[in-house]
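# Fold and geometry: a report
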Amino acid sequence: MKYLTTLAKKVGKDRFDAEVAKVIKGRDIAPRAPRQRCATAAKRLTKARAPKLITALVGHD
């Protein structure tokens, strides 16, 4: 999870939010709240969704 939070800092909140929206689409996971940290939002991801988000943020879709 630490890698995901470090990656989120590098890509910025806007891109993080956009990629999270794609990854959680159709799932029962809430997106990041406006004043919520990316690390807190990342903790809500399932073990299956976190690697998909990392791949999307790195750019290897």
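To keep things clear, this report deals only with the structure shown in the data block. The model shown is predicted, which means the values in this text are computed figures rather than measured ones.

### Examining helix α2 (residues 13–24)
The terminal C-alpha atoms of α2, which comprises twelve residues, lie 16 Å apart, in line with the 16 Å expected from a rise of 1.5 Å per residue. Elements in contact with the buried residues of α2: α1 (2–11), α3 (38–43) and α4 (49–58). Of the residues flanking the end of α2, it is Gly26, one or two places downstream, whose phi is positive at about 80 degrees.

### Topic: the pattern of salt bridges
The tally for this structure, following the rule as stated, stands at three salt bridges. Between Glu19 and Arg15 there is a salt bridge, with the nearest N and O atoms lying 4.0 Å from each other. Residue Glu19 and its partner Arg15 are both found in helix α2; the two are separated by four residues, about one turn of the helix. With a relative accessible area of 9%, Glu19 lands in the buried category. On the basis of relative accessible area, Arg15 is assigned to the partly exposed category, the value being 33%. One salt bridge connects Lys22 with Glu19, and the closest N-O pair in it is separated by 3.6 Å. Of the two residues, Lys22 and Glu19 both sit in helix α2, three residues apart, roughly one turn of that helix. Residue Lys22 is classed as exposed on the basis of its relative accessible area, which comes to 57%. Through salt bridges with shared partners, one network takes in Arg15, Glu19 and Lys22.

The rules behind the values
- Within every chain, residues take consecutive numbers counted from 1 along the sequence as written.
- Where totals are concerned, whole chains, interfaces and linings use all residues; where local detail is concerned, this predicted model gives features only for residues with pLDDT of at least 70, and gives and counts side-chain atom pairs only at 80 or more.
- Hydrogen atoms and water are omitted, and side-chain values are computed over all heavy atoms in the structure.
- Helix and strand definitions here come from DSSP, where helices need a minimum of 4 consecutive H or I residues and strands a minimum of 2 consecutive E residues; each element is numbered from the N-terminal end.
- Between the first and last residue of a helix there are one fewer steps than residues, each counted as 1.5 Å, and that sum is the expected span.
- Residues count as neighbours in contact if any of their non-hydrogen atoms are within 4.5 Å of one another.
- Salt bridges are defined by distance alone: a side-chain nitrogen of Lys or Arg within 4 Å of a carboxyl oxygen of Asp or Glu.
- Note on classification: 1.4 Å probe, protein chains only; a residue is buried when its accessible area is under 20% of the maximum for its type, exposed when over 50%, partly exposed between these limits.

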